[in-house]
Amino acid sequence: MTADTRLYDGWEKAGCFKAGANAKPEASTFCIMIPPPNVTGVLHIGHAFNNTLQDIMIRWKRMQGFDTLWQPGTDHAGIATQMVVERKLAETGQPTRVELGRDAFLEKVWEWKGESGGTIINQLKRLGASCDWDREAFTMSGAPNAPSDVAGGNFHDAVIKVFVEMYNKGLIYRGKRLVNWDPHFETAISDLEVENIEVAGHMWHFKYPLAGGATYEYVEKDEDGNETLRETRDYISIATTRPETMLGDGAVAVHPSDERYAPIVGMLCEIPVGPKELRRLIPIITDEYPDKDFGSGAVKITGAHDFNDYQVAKRGRIPMYNLMDTRAAMRSDGTPYAAQAAVAQAIANGAQEFDEAMIAAMNLVPDEYRGMDRFEARKKVVADISAEGLAVMVDQTSTDENGNEVVTSVPFVEAKPIMQPFGDRSKVVIEPLLTDQWFVETSKIVEPALEAVRSGATKIMPESDKKVYFHWLENIEPWCISRQLWWGHQVPVWFDGDDNLYCAANEAEAQALAGDGVELRRDPDVLDTWFSSGLWPIGTLGWPDQTDELSKYFPTSTLITGQDILFFWVARMMMMQLAVVDEVPFDTVYLHGLVRDAKGKKMSKSTGNVVDPLEIINQYGADALRFTNASMASLGGVLKLDTKRIEGYRNFVTKLWNAATYGDFKGTFDVPHSDAIPETNLPLNKWIKGEVAKTRETVDDALAAYRFNDAANALYAFTWNTFCSQYLEFTKPVMDDGTTEEAAETKATYAWALDQILIMLHPIMPFVTEEIWGQKARPTMLVHAPWPTYTAADLVDPQADADLSWTVAMIEAIRSARAQMNVPAGAFIPLVVKDMDGAAKAAWALNEALIMRFARIESIAHVEDLPKGTVALAIAGGTFGLPLEGVIDVAAEKARLEKTLGKLAKELGGLRRRLNNPKFAESAPAEVLEETKQNLSLREAEEAKLKDAYARLEEIG
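Residues numbered from 1 in each chain as written. Predicted model: local features only at pLDDT ≥ 70, side-chain atom pairs only at ≥ 80, totals over all residues. Heavy atoms only, no water.

> With reference to specific residues and values, describe the overall build of the protein chain.
Across its full length, the protein chain carries 31 helices and 33 strands. Counting across all 957 residues of the protein chain, residues that qualify as buried make up 52%. Excluding contacts between residues fewer than 6 apart, the proportion of contacts in the protein chain whose partners are at least 24 apart in sequence is 77%. Separation of charge centres in the protein chain, based on 97 positive and 139 negative side chains, amounts to 4 Å. (Helix = DSSP H or I, 4+ residues; strand = E, 2+ residues; numbered from the N terminus. Buried < 20%, exposed > 50% of the residue type's maximum accessible area, 1.4 Å probe, protein only. Contact = heavy atoms within 4.5 Å. Lys, Arg positive; Asp, Glu negative; His and termini not counted. Charge placed at Lys NZ, Arg CZ, Asp CG, Glu CD.)

See the structure below:
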């Protein structure tokens, strides 16, 4: 068992993470809801970052005595879980999902959940997450088919109750709309589950002949109105990247201001595919959607297969013909094409009324295309149109074997990159498909969610994300909440033989609504996981029951999550809680960006830059990873994870350990424990107490403002520089050579100051701090140690602060000058001073031993003028210098610096030329550009230091 595991087990066994643990009497509550990871998930770097920030806040508040709850749990993750289990069945040679049937398959899912569903929870524990695991929730808890031992409350009742109530209020409805359709899983999916990837594609240009052989004068003009082309045409040209969808065209649209097509608006044109004698005619209409400056300016409107076309079709009441089945093959159902095409033509001619159900039943796929895969159908459509001569042709110039130029007319096909939607799990091309789905009428519940942020009832950080939140909610579309899966909360709706529907909490209630003897069948769809996780704040606290936890911890306090789910989860939780219980779910939303690699690139398996947090924990320890996460968490900043940085913070862990080891060696662990601030007489000890208080205020202010990086940086600087490099070193002569009273005071002060460091570092680095804390007898574990409340006003001794600050500045100035002048490290050198004032003399008198020892000064001499060869020191209280004549070879040092500066000048010149080159600025990837700028900044800083050193050498000869 590792030390981390031992410590974590100790915390859990002692109940340190339970809701209300360490709460002071009458304490205020502080509740964080964990963004529930998928039950299929494993810890990735985004989880590690996000949960580190949550844990910092909850440990900080718990130590302050708040009544805290960090509510954990997992999401049932409909598609992801179903995919995992189906794959498992295939790998083990078991029957498929369909062969098993719904009930038996769900038993397999629950079986898998029991065996493997808690992986990510155990991994979060390795990170140190201090959730109240006894309250672990699950978004499918309480489901009718759930095993009796599944913990996590009764989320199912909450989900079903909300659906039924929202349906009865007219907030949920069933309708036919265009959705993202995954042909592999045969289900609608959300935008979040779609990856838009740039792929090599083609754009085909085709002619749609005008009905009856009609012609018109097609005229093009330049920006000045001069005619550049005039020809008589009997067609209108369109371009498409998806020719197979032409079979479902309902119209061709042009912009109202496009003069080229004004003569033919209102006319009919022929879809150039399908049996010639049954060729459909569709109207040419106007709409604001087409861009007259892009392509031909005319677009085909296929409302059932394109999201933009869908909106045009709705505005113009254009029929939307669905061409594909659930596997994205061309439909093969229904009557022969001839009959269907005749009805469609009557509709286009205005001779036939139509409704949604009628259009949905129609199959306008010609018989020879029926059953074909969509991409095979694409090839056939292109071939058939080209063979008929209805592809737009362009001249292509080539050279024959004799070197003669040959002009050939070829079909106009543009090879161009296109953005193609893929299922993030299935990896197949997503098809926009018109299907019957369940929707939340978001327009009826969105306003309270907008007002909550406008009024400040809920604060979104950083401020820039408020604009994103407003933009999305102010332009919100109905929310598709149904999925054609088996794993999930089944829609609580039953249908009779005439398709009348009955929405009820259970079948008995639905039967009561339908009447005795009416045979019912249940809607097979399940609810989108975002619908159930949208109820996470109240569902995890026991709603719809009015539990003690619900009354105590809701509304919750802070939500910490990624910017990428602002729409999909955060906004939906806001809408749902306000719609269901009329309260905001949290008062603050802290949003962070995507964790990227050291160069700012998005992590992906394809580029090989994915960082596994478990490997980092194994190599560097959880504390180093957590401190790195905190240090890069600037509000709204780019999150760049660099393993060198992690390694540096592992060294920081070692530095802290060594400080404790030194303290133990000097007997500070033998000092009786006391939370009381020690009484001090020595300026050194008064000074460190003040520095501790300043740091405490800085850390509290930073955490209160969610500036995790500022808190981490303040603790790092204080621990490494002030405490270890300065105070620890300064205590050595007192511990070794001071009086008994001075040594005892210093031991007590050292012990207290180290305790304060452990307390303040604990929320960020819980393991090493708890381990050090436990080496000394304590009344409580560090996790429940009281957070300090002293202030700088309480503990800063102005005189001691001034004297020690001056002393530290003197030592650092001498050390810096020695390093710049390349003085041998072991050499003791003299210090000269003129015009030393009273304050400096007093500080010197109190701390002479420290200065002489740590700056390696052999003597101090008061002079009227600084001797030749003296390096001046910029220290207040007099004129100070180091006479280095004879100590260093000035000429040799100048030559060394000149050589180094010359080499550096060449590097700087190259970097500046690159950055000043417009081509580099335009073409270089953003991360390369940023890296070049950083290199220039570092080199310029290095040059400034070297020039300063050279100037000093010039001064001394």
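> A description of the packing of helix H21 (residues 643-665) against helix H24 (residues 740-761) should follow, citing residues and the corresponding values.
Close contact between H21 and H24 brings their axes to 11 Å; oriented N to C, the two are set at 155 degrees. Our classification of the angle between H21 and H24 gives roughly antiparallel. Seen from above, H21 lies across H24 with left-handed handedness. Here Phe-652, Leu-656, Ala-659, Ala-660, Tyr-662 and Gly-663 of H21 come into contact with H24, specifically with Tyr-750, Leu-754, Ile-757, Leu-758 and Leu-761. Its residues assigned to classes, the contact of H21 with H24 comprises 10 nonpolar, 1 polar and no charged. (Axes fitted to C-alpha atoms, helices over the stretch in contact; angles between N-to-C directions. Parallel < 35°, antiparallel > 145°, perpendicular 65-115°, else oblique. Left-handed = near helix turned anticlockwise from the far one by under 90°. Nonpolar A, V, L, I, M, F, W, Y, C, P; charged D, E, K, R; others polar.)

> Which residues make up the nonpolar core, and what values do they have?
Ranked by internal contacts, the top residues of the largest apolar core, which has 188 residues, are Phe-163, Tyr-469, Phe-531, Phe-708, Phe-723 and Trp-806. With 12 residues, helix H23 (residues 708-737) is the largest single contributor of residues to this core. Among residues more than four places away in sequence, those in contact with Phe-708 are Leu-53, Ile-56, Met-57, Ile-560, Tyr-590, Ala-630, Ala-633 and Leu-703. Phe-206, Ile-271, Ala-298 and Ala-377 belong to the second-largest nonpolar core, a separate cluster that totals 39 residues. (Core = buried A, V, L, I, M, F, W, Y, C linked by side-chain atoms within 4.5 Å.)

> Can you break down the packing of H23 against H24 residue by residue, with the values?
Their axes nearest at 11 Å, the elements H23 and H24 cross at an angle of 165 degrees. If you check the angle between H23 and H24, you find them roughly antiparallel. When you trace H23 past H24, the crossing you get is left-handed. Contacts from Leu-715, Phe-718, Thr-719, Phe-723, Tyr-727, Leu-728, Thr-731, Val-734 and Met-735 in H23 reach Glu-742, Ala-743, Thr-746, Lys-747, Thr-749, Tyr-750, Ala-753, Leu-754, Ile-757, Met-760 and Leu-761 in H24. Here the residues of the contact of H23 with H24 sort into 14 nonpolar, 4 polar and 2 charged.

> Could you give me a rundown of the sheet that holds strand S7 (residues 194-209), with the residues and numbers involved?
An order of S10-S7-S17 is seen for the 3 strands of this open sheet, with the pairing classed as antiparallel. Of all the strands in the sheet, just strand S10 (235-240) and strand S17 (413-423) have a single pairing partner and so form its edges. Averaged over neighbouring strand pairs, the angle between their axes works out to 30 degrees when direction is ignored. With 6 bridges connecting them, S7 and S10 associate as antiparallel partners. Each residue of the ladder has a partner; that of Trp-204, found in S10, is Thr-240. (Pairing = 2+ DSSP bridges.)

> How would you explain the sheet that holds strand S20 (residues 479-480) if you had to name every residue and give the values?
Either a parallel or an antiparallel arrangement is found when strands of a sheet pair, and the pairing is made through backbone hydrogen bonds. As summarised here, the arrangement of the 4 strands in space is S6-S5-S18-S20, forming an open sheet in which the pairing is antiparallel. The sheet is open, and its two borders are formed by strand S6 (187-189) and S20, each paired with just one other strand. In this sheet, S6 lies alongside strand S5 (residues 172-182) in antiparallel orientation, the contact comprising 3 bridges. Across the sheet, residue Asn-180 finds its bridge partner in S6, namely Ile-189. The sheet contacts of helix H8 (residues 307-316) involve S5 and strand S18 (431-440), and relative to S5 the element is tilted by about 145 degrees.

> An account of helix H13 (residues 464-474) is requested, with residue identities and associated values reported.
Because an α-helix completes one turn every 3.6 residues, residues spaced three or four positions apart along the sequence face the same direction. Within the sequence span of H13, burial applies to Asp-465, Tyr-469, Phe-470 and Leu-473. On an axial view of H13, the arc spanned by its buried residues comes to 145 degrees, and they lie on one face. Facing away from the buried surface of H13 by more than 90 degrees, the exposed residues are Lys-467 and His-471. Against helix H12 (446-454), strand S19 (459-461), helix H18 (566-581) and strand S27 (586-592) lie the buried residues of H13. (Arc of directions from axis to C-beta.)

> Summarise the side chain of Asp-803; cite the residues concerned and give the values.
Following the sequence through the fold, Asp-803 ends up in helix H27 (residues 798-820). Among buried charged residues, Asp-803 stands out as having no salt bridge; its nearest opposite-charge side chain is Lys-686, 9.0 Å away. Discounting chain neighbours no more than four positions away, the residues touching Asp-803 are Ala-843, Leu-846 and Asn-847. (Salt bridge = Lys/Arg side-chain N within 4 Å of Asp/Glu carboxyl O.)

> For the pattern of salt bridges, give the residues involved together with the corresponding values.
Here the structure, examined in full by the defined rule, presents 47 salt bridges. Close ionic contact of Arg-327 with Glu-186 constitutes a salt bridge, the shortest N to O distance being 3.2 Å. In this pair, Arg-327 sits in the loop between H8 and helix H9 (337-348) while Glu-186 sits in the loop between S5 and S6, placing the two residues 141 residues apart along the sequence. On the accessibility criterion, Arg-327 (46% relative accessible area) is partly exposed. Using a relative accessible area of 26% as the deciding quantity, one classes Glu-186 as partly exposed. The structure contains a network of salt bridges with shared partners spanning Glu-270, Lys-276, Arg-279 and Glu-388.

> How would you summarise the environment of Gly-248 if you had to cite specific residues and measurements?
Note that Gly-248 resides in the loop between S10 and strand S11 (251-254). Between the C-alpha atom of Gly-248 and that of Met-324, which follows or precedes it by 76 residues, the distance is 9.9 Å. Ignoring any residue separated from it by four or fewer positions in sequence, one finds Gly-248 in contact with Arg-280, Ile-301, Thr-302, Tyr-321 and Leu-323.

> If you had to explain a negative patch on the surface to someone new, which residues and values would you point to?
Taken together, Asp-222, Glu-223, Asp-224, Asp-291 and Asp-293 make up a surface patch of like negative charges. Structurally, Asp-222 can be placed in the loop between strand S8 (216-221) and strand S9 (227-233). (Patch = residues over 30% accessible without salt bridge, like charges linked within 9 Å, V, L, I, M, F, W, Y side chains within 5 Å. Areas by Shrake-Rupley, 256 points an atom, 1.4 Å probe, with all protein chains shown as cover.)

> Please set out the pairing of strand S31 (residues 857-862) residue by residue, giving values where relevant.
Both strand S30 (residues 829-834) and S31 contribute to a ladder of 5 bridges, which runs parallel. Along S31, the bridge assignment pairs Val-833 with His-862. Each parallel crossover has a hand, and the one from S30 via helix H28 (residues 838-854) to S31 is right-handed. (Right-handed = clockwise from strand over helix to strand, strands pointing away.)

> Break down unusual backbone geometry for me, with residues and values.
Cis peptide bonds are those with omega within 30 degrees of zero, and the linkage from Met-461 to Pro-462 qualifies with 0 degrees. Position of Pro-462 relative to the elements: it lies in the loop between S19 and H13. Of the consecutive residues Trp-543 and Pro-544, the connecting peptide bond is found in the cis state with omega at 20 degrees. Summarising the element assignment, Pro-544 is placed in the loop between helix H16 (536-539) and helix H17 (548-553). Even without being a glycine, Glu-186 presents a positive backbone phi close to 55 degrees. Positive phi outside glycine occurs at Asp-582, with the angle close to 60 degrees.

> How would you sum up the packing of aromatic side chains? Please name residues and give values.
Overall, the coordinates contain 37 aromatic pairs when judged by the stated rule. Between Phe-163 and Phe-531, the aromatic rings sit 6.4 Å apart at their centres with planes inclined by 70 degrees, giving edge-to-face as the arrangement. Of the two residues, Phe-163 is situated in helix H7 (residues 155-168) and Phe-531 in helix H15 (residues 529-533); the sequence distance between them amounts to 368 residues. Relative accessible area serves as the criterion here: at 0%, Phe-163 is assigned to the buried category. Residues Phe-723 and Tyr-727 carry aromatic rings whose centres are separated by 5.7 Å and whose planes lie at 35 degrees to one another, so their mutual orientation is tilted. (Phe/Tyr/Trp six-rings, centres within 6.5 Å; stacked < 30°, edge-to-face > 60°.)

So far we have only geometry, and geometry alone does not tell us how the molecule works.
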